[in-house]
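Now for the letters of each chain:
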Amino acid sequence: VQLQASGGGLVQAGGSLRLSCAASGVTFSNYGMGWFRQAPGKEREFVAAINRSGTRTSYADSVKGRVTISRDNAKSTVYLQMNSLRPEDTAIYYCAARPGVESSLAMEVMTDARKYNVWGQGTQVTVSS
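Please read these numbers as outputs of a predicted model, since none were measured by experiment.

Caption draft 1: Focus on the overall build of the protein. Secondary structure summary: the protein contains one helix and 11 strands in total. Listing the helices and strands of the protein from first to last along the sequence gives β-β-β-β-β-β-β-β-β-α-β-β. Here the C-alpha atoms of the protein give a radius of gyration of 13 Å, agreeing with the 14 Å that 2.2 N^0.38 yields for 129 residues. If one aligns the C-alpha atoms of the protein with their principal axes, the spans along those axes are about 40 × 25 × 25 Å. Counting only residues that meet the buried cut, the protein has 44% of its 129 residues in that class. Within the protein, residue pairs in contact and separated by at least 24 positions form 62% of the contacts whose partners lie at least 6 positions apart.

Here's what the structure looks like:
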């Protein structure tokens, strides 16, 4: 199983980026997906998650209203659309997968990085002020 994140870059505050995470070697639709980020000197933190079918999503309070997670199971890809970016959004962004996530109860664990089985390599997002 491999996850390949892309789409990071340098953007000015207020700008937008769309991150992508492509999965291979796995039946993508069997996995719930999450995005996490890690800034220098800080712990990895939850950003957003989506269930297998794409019908349930969860967001960190710090990004709610500015970020949208979505998925295309036919393309085995999950996306993170980020708008109104702030300097504090600067971090390496990681995608991760956990099998069997569909119900609202299953979604509750998706904020915990320890519950994920597979991680991508990360993509750097830098927001300048």
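After that view, the rundown keeps rolling.
Caption draft 2: Representation of the side chain of N51 within the structure. Here N51 lies in the loop between β5 (45-50) and β6 (57-59). Only 2.8 Å separates the side chain of N51 from the backbone nitrogen of T55, close enough to count as a polar contact. Filtering out sequence-adjacent residues up to four positions away, N51 remains in contact with G32, R56, R71, V101, E102 and M107.

Caption draft 3: Focus on unusual backbone geometry. Here S76, not a glycine, exhibits a phi torsion of approximately 50°, which is positive. S76 gets classed as buried once you look at its relative accessible area, which sits at 18%. The phi dihedral of S84 falls on the positive side, at around 50°, and the residue is not glycine. The exposure class of S84 is partly exposed, given its relative accessible area of 40%.

Caption draft 4: Up close: the environment of S58. With respect to the helices, strands and loops of the structure, S58 is situated in strand β6. Between the C-alpha atoms of S58 and T68, which are 10 residues apart in sequence, the distance is 9.4 Å. The residues touching S58, leaving out its near neighbours within four places in the chain, are F46, V47, A48, A49, M107 and T111.

Caption draft 5: The nonpolar core, seen in detail. Core analysis: the largest hydrophobic core is formed by 39 residues, its most contacted members being M33, W35, L80, M82 and Y93. Residue assignment for this core shows that the elements contributing at least two residues are β1 (2-6), β3 (17-24), β4 (31-38), β5, β7 (67-72), β8 (77-82), β9 (91-99) and β11 (123-128).

Caption draft 6: Main features of the side chain of R37. Within the element layout of this structure, R37 appears in strand β4. At 2.9 Å, the side chain of R37 forms a polar contact with the side chain of D89. Looking at R37, its side chain comes within polar contact range of the side chain of Y93, at 2.9 Å. If we ignore the near neighbours within four places in the chain, the residues touching R37 are E43, R44, E45, V47, S62, V63, E88, D89, A91, I92 and Y93.

Conventions and cut-offs
- Residues numbered from 1 in each chain as written.
- Predicted model: local features only at pLDDT ≥ 70, side-chain atom pairs only at ≥ 80, totals over all residues.
- Heavy atoms only, no water.
- Helix = DSSP H or I, 4+ residues; strand = E, 2+ residues; numbered from the N terminus.
- Rg over C-alpha atoms; globule rule 2.2 N^0.38 Å.
- Buried < 20%, exposed > 50% of the residue type's maximum accessible area, 1.4 Å probe, protein only.
- Contact = heavy atoms within 4.5 Å.
- Polar contact = N/O pair within 3.5 Å; in protein donor to acceptor, adjacent residues only side chain to side chain.
- Core = buried A, V, L, I, M, F, W, Y, C linked by side-chain atoms within 4.5 Å.

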